[in-house]
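Listed here are the chains, written in short residue letters.
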Amino acid sequence: MIKIIQGDITTLAVDAIVNAANQVMLGGGGVDGAIHRAAGRELYEACLKVPEVRPGIRCPTGEARITPGFKLPAKFVIHTVGPVYREITAPCGGSRPMGKRTRRAERVPRQHGEPEKLAACYRNSLVLAAENGCKSIAFPCISTGIYGYPIEDAAKIAVREVEEFLAAKNAKDAEEMEVVFCCFSTHDVAVYERLLK
Ligand code: AR6
């Protein structure tokens, strides 16, 4: 079952909330900061104990790690690291000679595998939740804040991955599993509602 709600993910009494973390996994701004503040110091200490895979990196982009939720109403926090959405500026104008007026820059998305990495965040978080017996999980809009991923594109990936994950389960298990898209803004809610209509 998929639900969309607007609000603060730290208040949700679900089995697991997902944190849009960074690779260091020791807190930050946005939803990450809110989760660490609400969970308390023990969350920071649990994150410190997550082994580094490379110096300073506990969770590479697209992967997920799990800790208890400590003071949160959620039992677990699943930390995942979304991709930073990068853009380059490229000249436009094609075959036309570039006069002063056409030599302006146009924003063109650069391909760094961002869609695949964002999809992996959802997939790996769902798998980790299932491995830990979670029947309910809430996601924030990963990568769409500080990391700059356009919400429409990110939400399409999120919905596709969750639907594919649920479709691979039998009907009863899929019905029993609750996946919540927890949006901070009404705009983000509207984007998800359109996609799930
Ligand atoms: N509940 C639900 N959603 C929230 C909350 C909340 N309490 N607070 C913010 N959001 P962001 P990112 C929404 O920037 O883009 C951190 O510094 C927010 O409105 O938190 O993946 C990490 O340490 C947006 O829709 O995550 C990383 O360095 C969404 O959560 C970096 O930011 C994600 O925004 C990760 O950036």
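Residues numbered from 1 in each chain as written. Predicted model: local features only at pLDDT ≥ 70, side-chain atom pairs only at ≥ 80, totals over all residues. Heavy atoms only, no water.

Visitor: Teacher, can you tell me more about the overall build of the protein here?
Guide: Scanning the protein from terminus to terminus reveals six helices and eight strands. The buried share of the protein, taken over its 197 residues, is 44%. For the protein, contacts bridging at least 24 residues in sequence account for 66% of all contacts bridging at least 6. Entry remark: accessible area of the protein is about 10400 Å², with carbon and sulfur atoms responsible for 53%. (Helix = DSSP H or I, 4+ residues; strand = E, 2+ residues; numbered from the N terminus. Buried < 20%, exposed > 50% of the residue type's maximum accessible area, 1.4 Å probe, protein only. Contact = heavy atoms within 4.5 Å. Areas by Shrake-Rupley, 256 points an atom, 1.4 Å probe, with all protein chains shown as cover.)

Visitor: Got a minute to help me understand the packing of aromatic side chains in this structure?
Guide: Using the criterion set out here, one finds four aromatic pairs in the structure. Residues Tyr122 and Phe139 carry aromatic rings whose centres are separated by 4.7 Å and whose planes lie at 40° to one another, so their mutual orientation is tilted. Of the two residues, Tyr122 is situated in helix H3 (residues 114–131) and Phe139 in strand E7 (residues 136–139); the sequence distance between them amounts to 17 residues. Of the two residues, Tyr122 and Phe139, neither departs from the other in class, the shared state being buried. Ring pairing ties together the aromatic residues Tyr122, Phe139, Phe181 and Tyr192, which thus form one cluster. (Phe/Tyr/Trp six-rings, centres within 6.5 Å; stacked < 30°, edge-to-face > 60°.)

Visitor: So what exactly am I meant to see when it comes to the layout of surface pockets here?
Guide: Rolled over the atoms, a probe sized like a water molecule indicates the empty space that remains. In this structure, the largest pocket occupies an estimated 530 Å³ of space. Taken together, 26 residues form the lining of the largest pocket, with Ala20, Gly30, Val31, Asp32 and Gly145 sitting closest to its centre. Elements represented by at least two residues in the lining of the largest pocket include exactly helix H1 (30–39) and strand E8 (178–183). Each residue belonging to the lining of the largest pocket can be placed in one class, and the counts come to 13 nonpolar, nine polar and four charged. (1 Å grid on protein atoms, 1.4 Å probe; cavity = no way out; pocket = protein on both sides within 12 Å on 5 of 7 lines; lining within 4 Å. Points joined across faces, edges and corners; volume = space filled by probe spheres on them. Nonpolar A, V, L, I, M, F, W, Y, C, P; charged D, E, K, R; others polar.)

Visitor: Looking at this structure, I do not really get unusual backbone geometry. What am I missing?
Guide: Apart from glycine, the bulk of residues carry a negative phi angle, and the bulk of peptide bonds sit in the trans form. Positive phi outside glycine occurs at Phe70, with the angle close to 50°. Note that Phe70 resides in the loop between strand E3 (64–68) and strand E4 (76–80). Assessed through its relative accessible area of 31%, Phe70 is described here as partly exposed. Its identity is not glycine, yet Ser143 carries a phi of approximately 75°, on the positive side.

Visitor: When you look at the side chain of Thr10 in this model, what are you seeing that I'm missing?
Guide: Tracing the chain through its elements places Thr10 in the loop between strand E1 (2–6) and strand E2 (16–20). A polar contact is formed between the side chain of Thr10 and the side chain of Asp8, at a distance of 2.8 Å. Not counting residues within four places of it along the chain, the set of residues in contact with Thr10 comprises Ile17, Ala34, Ile35, Ala38, Leu72 and Pro73. (Polar contact = N/O pair within 3.5 Å; in protein donor to acceptor, adjacent residues only side chain to side chain.)

Visitor: Just to check I follow, could you spell out the nonpolar core for this structure?
Guide: A general trend in soluble globular proteins is that nonpolar side chains are found buried together. Ile78, Tyr122, Ile137, Phe139, Val179, Phe181 and Tyr192 are the most contacted members of the largest nonpolar core, which totals 35 residues. Sequence-distant contacts of Val179, defined by excluding residues within four places in its chain, comprise Met1, Ile2, Lys3, Leu126, Ile137, Phe139, Val162 and Leu166. Grouped together as the second largest cluster of nonpolar side chains are 19 residues, Ile17, Ile35, Leu43 and Cys47 included. (Core = buried A, V, L, I, M, F, W, Y, C linked by side-chain atoms within 4.5 Å.)

Visitor: So what exactly am I meant to see when it comes to the site of the ligand here?
Guide: In the vicinity of the ligand there are 21 residues, among which Asn22, Gly29, Val31, Asp32 and Ile146 approach most closely. In the environment of the ligand, an oxygen atom lies 2.7 Å from a nitrogen or oxygen atom belonging to the backbone of Gly29. At 3.0 Å from an oxygen atom of the ligand is found a main-chain nitrogen or oxygen belonging to Tyr147. Taken atom by atom, the bulk of the ligand overlaps the largest pocket. Sorting elements by how many residues they give to the shell around the ligand places H1 first, with four residues. Each residue belonging to the shell around the ligand can be placed in one class, and the counts come to nine nonpolar, nine polar and three charged. (Near = heavy atom within 4 Å. Sits in = over half its atoms within 2 Å of the grid points.)

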